[in-house]
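So the chains spell out like this:
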Amino acid sequence: MTDADATSPPDRRAVEDFVFREARLADEHEYAAWLRLWTDDGIYWVPAADADVAKMSVIHDNHHRLTTRISQLETGRRYAQAPPSRLRRVVSNLELVGRVGGDGPNAGDWVVAANFVLVEVRRHHKTTWAGRVTYHLRPVDLRPVEEPDDGGFRMSYKEVDLVDRECDLPTLAFLI
Amino acid sequence: MTTIDYRALIEPQRVHGSLYTDPAIFADELERIWYRSWVYVGHESEVPEPDDFVLKHIGPQELIMTRAADGALHLLSNRCTHRGNAVCVQRSGRAASFRCPYHGWNFRNTGALLGVPHPEGYGGRRGPDPATLGLAHVARMDVHEGFVFASLAADGPTLRDHLDGAADELSRLARLSPEGALQLTTGWLRHRARANWKFLVENETDGYHPQFVHGSIFRVAGSGIGELYGERSAAVTRAFENGHSENDLRPEFGRIGRPLAWFGTTEDRVPGYVSAMRDRHGDDADRLLTEGAPHVMVFPNLFIAEISIFVIQPVAVDQTVQHVTSVQFAGAPDLNARMLQQCVGSVGPAGLLLADDAEMYERNQAGVAQRRPEWIDTRRGIARERVDERGYRVGAANDETAIRGFWRHYLRTMTSPAGPANGSPDGSTAVEVPLVHNP
């Protein structure tokens, strides 16, 4: 990485490539490939009514728990996703918001936000999910050529703020 | 009046599938169980200061739990006495009074009508008689270890009589706080399932399912929970009176013999908590820390699973919302942080455990819509059930003793002419099953 890479805003198209790929891997239950999009210090957060990490959350995973979640899905006996939901999501209204401040491990990561609408079909029921998703993207060195192109980022943070987080929610066992 | 013959639907070893699907039975349950029995509503620690309030519910009925200026708790119907509008639309907050947005009627957080705009229209300068137009209170309210229960019936057993042996389990949980008190401060998840509420209740202390439904997470997380319910487990399933039940895991945790093994951790991870418990309980601390927290279902809607507190809310014959929060102890910040993280990982819509439970409730509900074979089998362990030294029926860790206890009380309640019946300690019920005395 050069200094210019670290300070100038990332190419919007590269960001979109990453975000769209992340969405597709989640939709298609490509668990191992999706997990590789994360940094080792990643945080995956789906707030509940209070939107406070010191309170109950729908999901609040560090990398260790995220790995457990993926491993459970991969057993094929995570019954809430066996058989898996059919999923398609649209991610839009994407904005490059800025960079993570402070001097924490995420400092300097690029903040990207977007809206999403997702349709889930499971056991003949159709559910619409929607909300605001915020990513922290960390530029990384390009992967070896044999790995698929992922835009040169890893996620250090993904927050999914559901529009109905104050309501009763049905089971949400897929990767949102 | 109902003409449902519950005695024909509930037998000692099986119950009829229509109990989960018949809207007339659901309507009858609301009247006889939810609007008459003691039902868990909320915890005192959710409204710690005067003028705090939080919205709660008994089935489809919405209640405002308030703490008035004098510190007293009130459970009020969220319905203006004028034209029925909701006087409160905020989940929680602080308010000395609630003003109805429709015509401005104003109620103190005790429920008392403070005043109405333009009182002359009611025939005098003071407006309508405030004594008859306050917000409706629940008929009875009582508290045990900070757990607030309500009954919408003026008469019936006392809360203490209703809770029976489950009262000690709630006390056992509170004793695990270095200050002897719970603090439910972490908010709630609300998980909706397309299933009848009884499938949730029966599942809570069913020790037969964890090895199967939760085998995936036990395996990848290296958890020993499945073995607690295995065929070699020394744990027991216990049916208290009045439909309450527990999975008593103390024999297994006692066998392991290590403080905090019940929470899957060790003393060095939570040193502040352990030392605070030793300061309070002295030589007894090791026993308390080894035996751990209860796993108890309080009929009809409060379930405590060691570190998580669930409240079951029926909303339709095939729709139930399960509310859940983390156990938090006064005076235990280090343990509390770990319990919250563990609870968040386990429960709710995405929980590594509860999402799979909900999947099972929903598949059960779809299953009982199939008309054959009509019945659900509840006989597991009936031949090895015994009566313990306190007179309660106990079965093996994975027996259906709790499920049968639930249905005995349900049958009494649904067939009692005058409100919820209280069980007698000798276990005499409308449904007699053979017992093996082996205290």
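Note that the structure is a prediction, hence the values are computed from the model and not measured.

Thresholds, definitions, all that
- Residues numbered from 1 in each chain as written.
- Chains lettered and ligands numbered in written order.
- Predicted model: local features only at pLDDT ≥ 70, side-chain atom pairs only at ≥ 80, totals over all residues.
- Heavy atoms only, no water.
- Helix = DSSP H or I, 4+ residues; strand = E, 2+ residues; numbered from the N terminus.
- Rg over C-alpha atoms; globule rule 2.2 N^0.38 Å.
- Buried < 20%, exposed > 50% of the residue type's maximum accessible area, 1.4 Å probe, protein only.
- Contact = heavy atoms within 4.5 Å.
- Areas by Shrake-Rupley, 256 points an atom, 1.4 Å probe, with all protein chains shown as cover.
- Lys, Arg positive; Asp, Glu negative; His and termini not counted.
- Charge placed at Lys NZ, Arg CZ, Asp CG, Glu CD.
- Buried area = accessible area lost by both parts, 1.4 Å probe.
- Salt bridge = Lys/Arg side-chain N within 4 Å of Asp/Glu carboxyl O.
- Axes fitted to C-alpha atoms, helices over the stretch in contact; angles between N-to-C directions.
- Parallel < 35°, antiparallel > 145°, perpendicular 65-115°, else oblique.
- Nonpolar A, V, L, I, M, F, W, Y, C, P; charged D, E, K, R; others polar.
- Pairing = 2+ DSSP bridges.

1. Some remarks on the overall build of chain B
Logical step 1: Regarding its fold elements, chain B presents 14 helices and 22 strands.
Logical step 2: Over its C-alpha trace chain B gives a radius of gyration of 23 Å, about what one expects of a compact globule, namely 22 Å for 439 residues.
Logical step 3: The buried share of chain B, taken over its 439 residues, is 58%.
Logical step 4: At a minimum sequence separation of 6, the contacts of chain B that also span at least 24 residues come to 64%.
Logical step 5: Carbon and sulfur atoms make up 49% of the accessible area of chain B, which amounts to about 17600 Å² in all.
Logical step 6: Of the side chains in chain B, 45 bear a positive and 55 a negative charge, and the two mean positions are spaced by 3 Å.

2. Some remarks on the overall build of chain A
Logical step 1: Within chain A one finds four helices and six strands.
Logical step 2: Counted from the first residue to the last, chain A has its helices and strands arranged as α-α-α-β-β-α-β-β-β-β.
Logical step 3: Compactness check: chain A gives a C-alpha radius of gyration of 16 Å against a globular reference of 16 Å for 176 residues, within 12% of the reference.
Logical step 4: For chain A, the spread of C-alpha atoms along the principal axes amounts to about 50 × 40 × 30 Å.
Logical step 5: Long-range pairs, those at least 24 residues apart, make up 61% of the contacts in chain A between residues at least 6 apart in sequence.
Logical step 6: Summed over all atoms, the accessible surface of chain A reaches about 8300 Å², with 51% contributed by carbon and sulfur.
Logical step 7: Within chain A, one finds 23 positive and 29 negative side-chain charges whose respective centroids are separated by 7 Å.

3. Points about the interface of chain B and chain A
Logical step 1: On the side of chain A, 34 residues touch chain B, which itself brings 39 residues to the contact.
Logical step 2: Counting the surface lost from both chain B and chain A, the interface buries some 3200 Å², and carbon and sulfur atoms represent 50% of this.
Logical step 3: In this assembly, chain B and chain A are joined by seven salt bridges.
Logical step 4: As a salt-bridge pair, Arg91(B) and Asp50(A) come within 3.7 Å of each other at their nearest N and O atoms.

4. Quick look at the packing of helix H2 (residues 23-34) of chain B against helix H14 (residues 401-415) of chain B
All names here are of chain B.
Logical step 1: Two numbers describe how H2 lies on H14: the axes approach to 9 Å, and their chain directions differ by 85°. By the angle class used here, H2 and H14 are roughly perpendicular. Of the residues in H14, those touching H2 at Ile25, Asp28, Glu29, Arg32 and Ile33 are Tyr410, Thr413, Met414 and Thr415.
Logical step 2: Partitioning the contact of H2 with H14 into residue classes produces four nonpolar, two polar and three charged.

5. Examining the pairing of strand E14 (residues 236-239) of chain B
Residues and elements named next belong to chain B.
Logical step 1: What you see with E14 is no split at all: Val236 and Arg238 on one side and Thr237 and Ala239 on the other are buried throughout.
Logical step 2: Two elements, E14 and strand E15 (residues 245-248), share four bridges in a ladder whose sense is antiparallel. Across the sheet, residue Val236 finds its bridge partner in E15, namely Asp248.
Logical step 3: What sits between E14 and E15 in their antiparallel hairpin is a turn of five residues, with Asn242 showing a positive phi close to 65°.
Logical step 4: Pairing between E14 and strand E22 (residues 393-396): four bridges, direction antiparallel. Pairing of Ala239 across the sheet is with Arg393, part of E22.

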